[in-house]
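Report on the structure
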Amino acid sequence: MSNKINIALIGATGLVGEATVSFLNARDFPVGDFSPLASANTAGQKVELGGKYHTVKNVADFDFSQVNVAIFAANDAVSAEYVSQASTAGCIVIDTSSCFADDDNAPMVIPEVNPEALAGYPDKNKQGGIIVSPDSATIQMLVALKPLHDAVGIERINVVTYQAVTALGKAGMSELASQTIALLNMQEVKREAFPQQIAFNVLPQVDTVEENGYLSCEMKMVRATKKVLMDDDIVIHPTTLQAPVFFGHSQVLSIETRGELGAAEAQALLRKAPGVEMLDGEKMNSQPTAVTEAAGNDSVFVGRIRDDISDSYGLSLWVVADNVRKGAALNCVQILELLVKEGL
């Protein structure tokens with residue numbers, strides 16, 4: 001990685017943006033000019049990268065032709081307004097929003113799962129391009145399931161995701177913290193980020209409901225799974241709940257495989273899988289959790305693998321991962337590293 005890459009980071013002052021900067025620092029990525037961008041509200045703040053402090057600029061005033069890559073770590077509204085503008089200016093865009101998830105010309109990439117999606121990318125004959133980093137719940141699920149899918153195929157996935165409040169960024173963190181303090185002091189809680197009290201509670205609805213009764217975030221998982229695995233026949237039944245946890249999504253996965261695969265064989269496959277850490281001891285304190293393993297770490301942790309007693313082709317798994325780190329920031333930086341290998 002000798003060539004320097006000029007990078008713009010949109011959403012630089014948010015949780016994912018801050019984590020992205022930390023990964024660029026920790027992994028010694030060859031950043032040339034660095035342009036941290038955000039809304040007018042946080043423009044003027046400082047971001048440290050490579051031993052230098054960079055002033056955050058207003059994304060609305062930025063000329064994207066100045067950089068090679070633009071990482072969008074902001075919300076859907078920001079991506080909808082500026083991603084196409086950046087791509088048209090010649091940038092390769094790595095986007096964490098769902099705005100271009102269904103675009104056939106925008107590969108959706110999880111480096112441990114489908115790095116081949118970036119083979120030959122970018123096209124030397126044309127500028128720009130958009131690469132989608134999937135939602136955090138899909139990333140951790142597919143990192144865990146890809147080795148099993150490769151081995152015998154997966155017919156059906158039933159997944160329940162207990163989503164961390166940082167899915168809503170700093171606003172989600174602040175609301176869980178403030179409500180917890182209020183309740184412990186016998187005070188009334190205030191609600192802004194969430195529709196119901198989140199402290200000491202689990203919420204059954206975390207997004208808008210589509211016509212089929214599923215949440216928008218659940219249907220995103222369905223489409224993303226099919227796209228990343230390039231398997232339109234796989235069936236996904238998702239449920240997403242909001243849990244009172246700061247960092248780390250937790251998932252219960254029940255899968256039906258297309259060939260025979262026992263729990264012991266699945267464990268052996270996952271112990272060798274990139275990005276996965278298997279923790280499957282028999283003691284109650286040996287299983288991975290969002291708090292003890294996922295938060296602040298970069299692996300996808302898997303435990304409680306067991307044969308499904310109701311289905312001879314069934315397996316159940318417990319999966320946790322940091323939704324801000326591996327679920328967003330690290331995935332973007334790993335995509336960036338793949339692009340460099342492809343000759344960016």
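For the rest of this paragraph, the subject is the pattern of salt bridges. Inspection of every chain in the model, using the stated rule, returns eight salt bridges. With a closest N to O distance of 2.8 Å, Glu337 and Arg27 form a salt bridge. Of this pair, Glu337 sits in helix H8 (residues 325–341) while Arg27 sits in the loop between helix H1 (15–26) and strand S2 (31–38); the two residues are 310 residues apart in sequence, bridging distant segments of the chain. The class of Glu337 is buried, set by a relative accessible area of 12%. Residue Arg27 is classed as partly exposed on the basis of its relative accessible area, which comes to 33%. With its nearest N and O atoms 2.6 Å apart, the salt bridge here joins Asp298 to Arg325. Within this pair, whereas Asp298 is found in the loop between helix H7 (290–294) and strand S13 (300–307), its partner Arg325 is found in helix H8, the two being separated by 27 residues in sequence.

Further remarks concern the sheet that holds strand S10 (residues 235–242). The strand order across the open sheet built from six strands is S10-S9-S11-S14-S13-S12, with neighbouring strands paired in mixed fashion. Each edge of the sheet is formed by a strand with only one pairing partner; in this case those strands are S10 and strand S12 (276–278). Each strand axis lies, on average, 20° off the axis of its neighbour in the sheet, ignoring direction. Sheet topology note: the S13/strand S14 (residues 314–321) ladder contains five bridges and is antiparallel. Considered in S14, the bridge of Asp307 is made with Leu315.

What follows covers the packing of aromatic side chains. Within this structure, the stated rule accounts for two aromatic pairs. With a centroid separation of 5.1 Å and 85° between ring planes, the pair formed by Phe62 and Phe64 is classed as edge-to-face. In terms of burial, Phe62 and Phe64 fall into one category: buried. For the pair Phe64 and Phe72, a centre-to-centre distance of 6.1 Å together with 25° between the ring planes defines the contact as stacked. Residue Phe64 shares its accessibility class with Phe72, and that shared class is buried. Pairwise contacts between aromatic rings join Phe62, Phe64 and Phe72 into one cluster.

About the thresholds
Residues numbered from 1 in each chain as written. Predicted model: local features only at pLDDT ≥ 70, side-chain atom pairs only at ≥ 80, totals over all residues. Heavy atoms only, no water. Salt bridge = Lys/Arg side-chain N within 4 Å of Asp/Glu carboxyl O. Helix = DSSP H or I, 4+ residues; strand = E, 2+ residues; numbered from the N terminus. Buried < 20%, exposed > 50% of the residue type's maximum accessible area, 1.4 Å probe, protein only. Pairing = 2+ DSSP bridges. Axes fitted to C-alpha atoms, helices over the stretch in contact; angles between N-to-C directions. Phe/Tyr/Trp six-rings, centres within 6.5 Å; stacked < 30°, edge-to-face > 60°.

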